[in-house]
Amino acid sequence: MSEAVDRQFELQDVHYHYHDVAALRGITLSISAGERIALLGANGSGKSTLLRILDALYFPTSGRVAFDGKELIEERFREDAFAFDFRRRVGLVFQNPDVQLFNPTVVDELAFGPLQLRWPKGQIRERIEECLDAFGIRHLRDRPPHRLSGGEKKRVAIASVLILDPAVLLLDEPTSALDPRAQSQMIDFLTESRGRTVITATHDLGIVEDIATRCVVLEDGQVAADGAPATIVQDHTLLRRTGLLHEHRHLHPDGSLHSHPHLHGHHQH
Amino acid sequence: MSPGLEHRQRGFVERTLASLLETMEHTLLAERVAERTGMLQVRDARVKVIALLVLVIAVSVSHDLRVIAVTFALALTLGWASKIRLVELMKHAWWGTLVFSAAIVAPAIVMTPGRTILRLQFGTITEQGLRAAGYLLARVGTVITLCSVLVLTTSWARILRALRALRVPVVFVVILGMTYRYIFVLLQTAHDIFESRRSRRVGPSSASQNRWAAVAAAGVLMSKTLELSGEIYLAMQSRGFRGEVYLLDDPPMRGPDWLTLAGVAGVAVGIVWISQ
């Protein structure tokens, strides 16, 4: 495989503005097929915007984004063939599952993507049955989204994207607002999800080494660091500067006040 | 504070929200009833929607109180066979509707000219007036019971899909489905806004404070709705939406469904024939 094809995403000096507010400021990044990347950054650092740029929901104000060597520009998405191929190969799981679960039942939710991509209905039914079993959601099949728990909603949201078997999975804060058990299930899923490119936006440093082989830290819409998770997590200066680490104070049983650096997701004494 | 006193001190908007939440709870109750294994729960939703339509038309054109009463009894029997408790039917259907209908029809009892049955200080009750009121209440009661049996034995998702059997356009069905879906999200948001306001309030609020809170909540809800709709559109686009909507077809109806439909059609024809 040539290097150009192996590099799934290429971003060169990408800027994105929401009206007058700059969300991304000169992002340059290469992402290879099969990489598992954690996109780290405090709230407002540009993680969600970057995921939407990668999913071609937003197009850069300036700069260039390419997927498999083809530049992602709005005009290209007017062609059915390109749009269908891209949407099948790249899937985004939104942070708020209520945004993503807009159909009346779980089965309708799973069917939505394949129906839009004009898959044969027999194949859609087969894939639905496979996904219901694979994600352990068969008992929820006819349930409306407002009767699902937070963890169930996340599972259905991921299943509704993975039913298309995309080569790239983009996840926006997959463990936020989940109870510990659902969080652990989500981490297990991300750990097992091999063979496809997985890009996870998170500020939970506690899960980074479990789910990623590479970390990209964003700060004010720019790449502040790019490296191995173990290196990034140990760099407390970087983490403090980017708002991912702060001093944590708590009372010990003897009444003394103890202060130590606090990593989001777990304590490190 | 006693619940009654608390109720009096709550503002108009909070009371409205409490009612909306109560409606939401009723809907959840309906969804739970629809999951029971009863006679109508196992029937195809298309059969139930068409059967309801046919029976409603038949009852509406019937001029025989006995036939309407038999249809009412049939609706009750179907409800019983579908494991709907009488109290659920009363709460869901009868109470509000029949009281409202009775209030509307009451003047007709004394205002309709005809054979006098009883003279009162403010008017005369006539046989024709009583009969008109009886027909209206019997028809309303029967139709509401039939509708409630359908709604309680079928999830909204299935009812919406069954509308396609009546050639309702797909886009209309999808919009209705999404509206129903997000009413719950927005109701919950509205509830949270007022709960948070109540948790920080000391003592009763004045009318102007309540009005201000209502306007502020409406503004916040509007802004959240716009934000949510933008996000939903992106989520749809991300999964391939390009302006056209598609739905999975329902599986074909089975033998027992066709038999049920034929039976209901027979009953409807019987109602109309006997009434002539």
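Shown above is the structure to which this text applies.
1. Considerations on the packing of helix α4 (residues 65–81) of chain B against helix α6 (residues 127–153) of chain B
Helix-helix packing is characterised by the crossing angle of the two axes and by the distance between the axes. All names here are of chain B. Where α4 contacts α6, the axes come no closer than 9 Å and their chain directions differ by 25°. On the basis of their axis angle, the class for α4 and α6 is roughly parallel. Here α4 and α6 pass one another in a crossing that is left-handed. Residue-level contacts link L65, I68, T71, F72, A75, L76, L78 and G79 of α4 to G134, Y135, A138, R139, G141, T142, T145, L146 and V149 of α6.

2. Points about the environment of H17 of chain A
All names here are of chain A. Along the chain, H17 falls in strand β1 (residues 7–18). Taking the relative accessible area as the measure of exposure, H17 reaches 33% and is therefore partly exposed. With 149 residues separating them along the chain, H17 and P166 place their C-alpha atoms 28 Å apart. Non-local contacts of H17, meaning those with residues more than four positions away in its chain, are made with A22, A23 and T61.

3. Digging into the environment of W119 of chain A
Residues and elements named next belong to chain A. Note that W119 resides in the loop between α5 (106–116) and α6 (121–134). Linking W119 and A228, residues 109 residues apart in sequence, is a C-alpha distance of 39 Å. Dropping the residues within four chain positions of it, W119 is found in contact with R88, P114, I124, R127, I163 and L164.

4. With respect to the sheet that holds β1 of chain A
Residues and elements named next belong to chain A. Here we have four strands laid out as an open sheet, ordered β2-β1-β4-β5, and antiparallel in their pairing. The open sheet has two edge strands, β2 (21–32) and β5 (70–71), and neither has a second partner. In this structure, β1 lies alongside β2, joined through nine bridges in antiparallel fashion. Pairing of H17 across the sheet is with A22, part of β2.

5. Points about helix α8 (residues 180–192) of chain A
With 13 residues, α8 of chain A extends 18 Å from end C-alpha to end C-alpha; this agrees with the ideal 18 Å at 1.5 Å per step. For α8 of chain A, the secondary structure elements touched by its buried residues are β3 (36–40), α7 (150–162), β7 (168–172), β8 (197–202) and α9 (208–211) of chain A.

Basis of the calculations
Residues numbered from 1 in each chain as written. Chains lettered and ligands numbered in written order. Predicted model: local features only at pLDDT ≥ 70, side-chain atom pairs only at ≥ 80, totals over all residues. Heavy atoms only, no water. Axes fitted to C-alpha atoms, helices over the stretch in contact; angles between N-to-C directions. Helix = DSSP H or I, 4+ residues; strand = E, 2+ residues; numbered from the N terminus. Parallel < 35°, antiparallel > 145°, perpendicular 65-115°, else oblique. Left-handed = near helix turned anticlockwise from the far one by under 90°. Contact = heavy atoms within 4.5 Å. Buried < 20%, exposed > 50% of the residue type's maximum accessible area, 1.4 Å probe, protein only. Pairing = 2+ DSSP bridges. Expected span 1.5 Å × (residues − 1).

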